[in-house]
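Spelled out, the chains give:
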Amino acid sequence: MDPNRIIQALKGTIDPNLRLAAENELNQSYKIINFAPTLLQIIVSDQVEFPVRQAAAIYLKNMVSQYWQDREPPPGEVIFPFNIHENDRQQIRDNIVEGIIQSPDSVRAQLTVCLRAIIKHDFPGRWTGIVDKIGMYLQSQNGASGYGSLLALYQLVKTYEYKKAEERDPLLAAMQLFLPRIQQQITELLPDSTVFSVLIQKQILKIFHALVQYSLPLQLVSNTIMTQWMEILRAVIDRGVPPETLEIDEDDRPELVWWKCKKWALHIITRLFERYGSPGNVTKEYFEFADFFLKTYAVGIQQVLLKVMDQHRQKHYVTPHVLQQALNYLNQGVSHSLTWKQMKPHMQTISQEVIFPLMCYKDEDEKLWLEDPYEYIRMKFNVYDDHAFPTTAAQSLLCKAAKKRKEVLPKMMDFCHQILMDPNSDPRKKDGALHVIGSLAELLLKKRAYKDQMELLLQNYVFPLLNSNLGYLRARVSSHYSMALTL
């Protein structure tokens, strides 16, 4: 297959004046043997213009998605539909990991999608060699080779992420080799906070998350190994972010690799606590692990997350995702006496200085209200839309604590009552107080002491705000009519 002919056709797809003829050329060529491997050669070639390499990567991704899997003729027909020829498939298997290693990010993203599809159909039956290839590059001292092998390993683990435990044997056999290696690698890299080091750490955490998030392989992750991983996760969450990141625009900071690394560490520990480490809420196979997790890790990790709460309270920057996951972990801890004992002295401060400000009307809300009040109302009052993830997590933590721990509700209601009674209160805080009361409405209406007071509260302090000149406050009050109807 002549690479130059394909290159010219791909180049033509980028030019609107040549696109139709170029697409016809490709449609006539793609079934020819060696077409798909030639695309891969074009993708990895530094001699080819970058837009052409991107076009080749997209074309190969679409071919692999549609034509890799063997297909039978439709009922009543004898002609087999087109599949990529086995010789071509073998050439691609032999070279795609190297392609991922050698390619720039935007092209690499297409190749990793290809790799996932190939693994899905060919591993382990037709392609056990992927394990050896990943293992070889994982040991490489070359940074690009090591990172590329982690991307390939991630596709292998993702392929089995949601499979039942009994269907994951091929993955677990491979991870017997890889898990100790990546654990050692991230442990060695932890003191290094340079961009590329933290990028590799993040990728390792993503692999571990995909390995454990749906099914925890206890035969692979013993208590000793889990203890080592928990120490890694604690260190990632607890370490500082380079101060120069504060010079980056706040909207762009969540995309910085240091924050993404923390986000994945928090995803893992929160998932472990929710799904496997919470006695009374786990399936039978995790009873022993849940007891071990709660007694061994839960309090120590929570101590680090209380520091995150305090950083946010003191106006130090914390990304929304990190804050959300920290709140979700604390939510899980409310149910257990061991973690609640540690959290209890901090709960009033968290409620009033972390949760409450998150539930108040904010500058970004003001921007949306002025630009599109209909969208503001849809986003703020749609119970199925959890777009504002820290706010949703904060509300969930407050409701759980108020329901499970008797001292939380009266203190929070007194706090909100004072704000609503004060005619000089900041309207944004009044919005927050109304938001809190609305969130707790179901619980309040079940308790006689509060139900009897709610009618007076609504009559004297809430419904008069319908005369406010602030539309967002009127919208919030309107959302409380269902509570009045219940009364």
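Student: Tell me about the overall build of the chain, and name the residues and values.
Tutor: In terms of regular secondary structure, the chain is built from 24 helices and zero strands. Of all 487 residues assigned to the chain, the portion counted as buried reaches 50%. Accessible surface for the chain amounts to roughly 23,900 Å². Of this, 51% is attributable to carbon and sulfur atoms.

Student: Summarise the packing of aromatic side chains; cite the residues concerned and give the values.
Tutor: Taken as a whole, this structure holds 17 aromatic pairs when the rule is applied. Taken together, a centroid distance of 5.8 Å and an interplanar angle of 65° make the contact between phenylalanine 35 and tyrosine 59 edge-to-face. Of this pair, phenylalanine 35 sits in helix α3 (residues 35-44) while tyrosine 59 sits in helix α4 (residues 50-67), placing them 24 residues apart in sequence. Ring plane angle 75° and centroid distance 5.5 Å describe the contact between phenylalanine 293 and tyrosine 297, whose orientation is recorded as edge-to-face. Residue phenylalanine 293 and its partner tyrosine 297 are both found in helix α13 (residues 287-313); the two are separated by four residues, about one turn of the helix. Considered together, phenylalanine 293 and tyrosine 297 belong to a single accessibility category, that of buried residues. Three or more aromatic residues link up through ring pairs in this structure, and these residues are Phe273, Phe289, Phe292, Phe293, Tyr297 and Tyr329. Its end group placed over the ring of tyrosine 160, lysine 163 keeps NZ or CZ at 5.8 Å from the ring centre.

Student: Can you tell me about the pattern of salt bridges, naming the residues and giving the values?
Tutor: All told, the structure shown has 24 salt bridges when counted by the stated rule. With a closest N to O distance of 3.1 Å, glutamate 86 and arginine 89 form a salt bridge. Placement of the pair is glutamate 86 and arginine 89 together in helix α5 (residues 86-102), with a separation of three residues, close to one helical turn. Under the relative-accessibility criterion, glutamate 86 is labelled partly exposed at 31%.

Student: Could you give me a rundown of helix α20 (residues 427-439), with the residues and numbers involved?
Tutor: The end-to-end C-alpha separation of α20 is 18 Å, in line with the 18 Å expected for 13 residues at 1.5 Å each. Among all positions of α20, only Lys430, Asp431, Gly432, Ala433, Leu434, His435, Val436, Ile437 and Ser439 are buried. The N-cap of α20, judged by a side-chain oxygen 2.9 Å from the amide nitrogen of arginine 428 a few residues on, is aspartate 426.

Student: Break down the nonpolar core for me, citing the residues and quoting the values.
Tutor: One finds Leu60, Met63, Met175, Ile182, Leu205 and Leu211 to be the most contacted residues of the largest nonpolar core, which totals 161 residues. Each residue touching isoleucine 182, except ones within four places of it in the same chain, is listed here: Leu138, Leu150, Leu153, Met175, Ile204, Ile207 and Trp229.

Student: Mind laying out the side chain of arginine 405, listing which residues take part and the relevant values?
Tutor: Looking at the element boundaries, arginine 405 is found in the loop between α18 (389-404) and α19 (408-421). No salt bridge is formed by the buried arginine 405. Its closest oppositely charged neighbour is glutamate 407, at 6.6 Å. Polar side-chain contacts of arginine 405 include one of 2.9 Å to the backbone oxygen of valine 334. Not counting chain neighbours up to four residues away, the residues in contact with arginine 405 comprise Val334, Ser335, His336, Ser337 and Trp340.

Student: So what about unusual backbone geometry? Which residues, and what values?
Tutor: In this structure, proline 124 follows phenylalanine 123 across a cis peptide bond, with omega equal to 5°. Along the chain, proline 124 falls in the loop between α6 (105-122) and α7 (129-138). A positive phi angle, near 85°, is found at asparagine 34, a position not held by glycine. Tracing the backbone shows asparagine 34 in the loop between α2 (19-29) and α3.

Student: A description of the environment of proline 279 should follow, citing residues and the corresponding values.
Tutor: With respect to the element layout, proline 279 can be found in the loop between α12 (257-276) and α13. You can call proline 279 partly exposed: its relative accessible area is 29%. Sequence separation between proline 279 and methionine 230 is 49 residues, and the spatial gap between their C-alpha atoms is 18 Å. Setting aside chain neighbours within four positions, we find proline 279 in contact with Ala290, Asp291, Leu294 and His336.

Student: A description of the environment of threonine 339 should follow, citing residues and the corresponding values.
Tutor: Within the secondary structure, threonine 339 is located in helix α15 (residues 337-359). Along the backbone, threonine 339 and lysine 295 are 44 residues apart, and their C-alpha atoms lie at a distance of 9.3 Å.

Student: Can you break down the packing of helix α11 (residues 223-238) against α13 residue by residue, with the values?
Tutor: To describe two helices that pack against each other, one gives the angle between their axes and the distance between the axes. Axis separation between α11 and α13 bottoms out at 10 Å; the angle between their running directions is 10°. By the angle class used here, α11 and α13 are roughly parallel. Contacts from Asn223, Met226, Thr227, Met230, Arg234, Ile237 and Asp238 in α11 reach Phe289, Phe292, Phe293, Tyr297, Ile301, Val304, Leu305, Lys307 and Val308 in α13. In the contact of α11 with α13, the residues fall into eleven nonpolar, two polar and three charged.

Student: An account of the state of the cysteines is needed here, citing residue identities and associated values.
Tutor: All chains considered together, the criterion is met by zero disulfides. Looking at the unpaired cysteine 360, the closest cysteine sulfur is the one in cysteine 416, lying at 8.7 Å. On the basis of relative accessible area, cysteine 360 is assigned to the buried category, the value being 9%.

Student: Explain α4 to me, and be specific about the residues and the numbers.
Tutor: With 18 residues, α4 ought to run about 26 Å at 1.5 Å a step, and its terminal C-alpha atoms sit 25 Å apart, in line with that. Listing the buried residues of α4 in full gives Val52, Arg53, Ala55, Ala56, Ala57, Tyr59, Leu60, Met63, Val64 and Tyr67. In this structure, the buried residues of α4 make contact with α1 (3-14), α2, α3, α5 and α6.

Student: Give me the lowdown on the packing of α12 against α13, citing residues and values where you can.
Tutor: Two elements in contact, α12 and α13, have axes whose closest approach is 10 Å; the angle formed by their N-to-C orientations is 140°. For the element pair α12 and α13, the recorded crossing hand is left-handed. Along the contact surface, α12 presents Leu266, Ile269, Leu272, Phe273 and Tyr276, while α13 presents Phe289, Ala290, Phe293, Leu294, Ala298, Ile301 and Leu305. Grouping the amino acids of the contact of α12 with α13 by side-chain chemistry returns twelve nonpolar, no polar and no charged.

Quick notes on the rules
Residues numbered from 1 in each chain as written. Predicted model: local features only at pLDDT ≥ 70, side-chain atom pairs only at ≥ 80, totals over all residues. Heavy atoms only, no water. Helix = DSSP H or I, 4+ residues; strand = E, 2+ residues; numbered from the N terminus. Buried < 20%, exposed > 50% of the residue type's maximum accessible area, 1.4 Å probe, protein only. Areas by Shrake-Rupley, 256 points an atom, 1.4 Å probe, with all protein chains shown as cover. Phe/Tyr/Trp six-rings, centres within 6.5 Å; stacked < 30°, edge-to-face > 60°. Lys NZ or Arg CZ within 6 Å of the ring centre and 35° of its normal. Salt bridge = Lys/Arg side-chain N within 4 Å of Asp/Glu carboxyl O. Expected span 1.5 Å × (residues − 1). Polar contact = N/O pair within 3.5 Å; in protein donor to acceptor, adjacent residues only side chain to side chain. Core = buried A, V, L, I, M, F, W, Y, C linked by side-chain atoms within 4.5 Å. Contact = heavy atoms within 4.5 Å. Lys, Arg positive; Asp, Glu negative; His and termini not counted. Axes fitted to C-alpha atoms, helices over the stretch in contact; angles between N-to-C directions. Parallel < 35°, antiparallel > 145°, perpendicular 65-115°, else oblique. Nonpolar A, V, L, I, M, F, W, Y, C, P; charged D, E, K, R; others polar. Disulfide = S-S within 2.5 Å. Left-handed = near helix turned anticlockwise from the far one by under 90°.

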